[in-house]
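Examining the three-dimensional arrangement
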Amino acid sequence: MANSAATPVKVLGTPGPAGRASPEVSQVLTKKKLQDLVREIDPNEQLDEDVEEMLLQIADDFIESVVTAACQLARHRKSNTLEVKDVQLHLERQWNMWIPGYGSEEIRPFKKACTTEAHKQRMALIRKTTKK
């Protein structure tokens with residue numbers, strides 16, 4: 001391997017000296033889109049500037065982590081192309097999220113969360129006390 005030395009690559013969107021994403025990258029979720037989303041939910045709600053910044057940062061971090069993990073899955077498949085199924089698999093396995101309308105059209109069964117023994121005992125106690 002003559003060219004096995006790793007070359008440093010600037011990852012777009014990585015924090016710069018001020019802790020903000022590099023300016024050459026456009027954010028997926030902008031402040032305007034976030035404000036529109038909040039207005040859609042509650043027209044009277046107004047977010048503080050700090051809250052907006054935090055939500056935008058959380059969204060950017062989430063997107064970055066999903067894309068990174070999906071790229072690792074694509075690499076594991078020995079593919080140079082990131083496909084919808086890579087993103088879907090990560091979202092389903094790590095975040096228990098299923099985005100309908102993308103990828104396979106099979107109907108996914110609802111996965112009921114398993115209940116612990118302590119929860120069953122609490123529920124039995126609640127049922128017993130409400131019957132009295």
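Okay, so let's go over this structure. (Residues numbered from 1 in each chain as written. Predicted model: local features only at pLDDT ≥ 70, side-chain atom pairs only at ≥ 80, totals over all residues. Heavy atoms only, no water.)

Before going further, it helps to examine the side chain of E52. The residue E52 is located in helix α2 (residues 49-76) in this model. The buried charged residue E52 lacks any salt bridge partner; its closest oppositely charged side chain belongs to K31, at an N-O distance of 4.2 Å. Contact partners of E52, with chain neighbours within four places excluded, come to K31, L34, Q35 and L47. (Helix = DSSP H or I, 4+ residues; strand = E, 2+ residues; numbered from the N terminus. Buried < 20%, exposed > 50% of the residue type's maximum accessible area, 1.4 Å probe, protein only. Lys, Arg positive; Asp, Glu negative; His and termini not counted. Salt bridge = Lys/Arg side-chain N within 4 Å of Asp/Glu carboxyl O. Contact = heavy atoms within 4.5 Å.)

Time to look at the pattern of salt bridges. For the structure shown, the criterion picks out seven salt bridges. Between K32 and D36 there is a salt bridge whose closest N-O contact spans 3.5 Å. With K32 and D36 both in helix α1 (residues 31-41), this residue pair falls four residues apart, about one helical turn. E83 serves as the salt-bridge partner of R77, at 3.9 Å between the closest nitrogen and oxygen. Take E83: its relative accessible area is 31%, and that puts it in the partly exposed class.

The next point concerns the packing of aromatic side chains. Taken as a whole and judged by the stated rule, the model has one aromatic pair. On the numbers, 5.1 Å between centres and 75° between planes, the contact of F62 with W95 is edge-to-face. Of the two residues, F62 is situated in helix α2 and W95 in helix α3 (residues 84-95); the sequence distance between them amounts to 33 residues. Among the residues examined, F62 registers a relative accessible area of 27% and is labelled partly exposed. (Phe/Tyr/Trp six-rings, centres within 6.5 Å; stacked < 30°, edge-to-face > 60°.)

This brings us to unusual backbone geometry. Trans is the common state for peptide bonds, and a negative phi is the common state for residues other than glycine. Its identity is not glycine, yet K78 carries a phi of approximately 65°, on the positive side. Its location among the elements puts K78 in the loop between α2 and α3.

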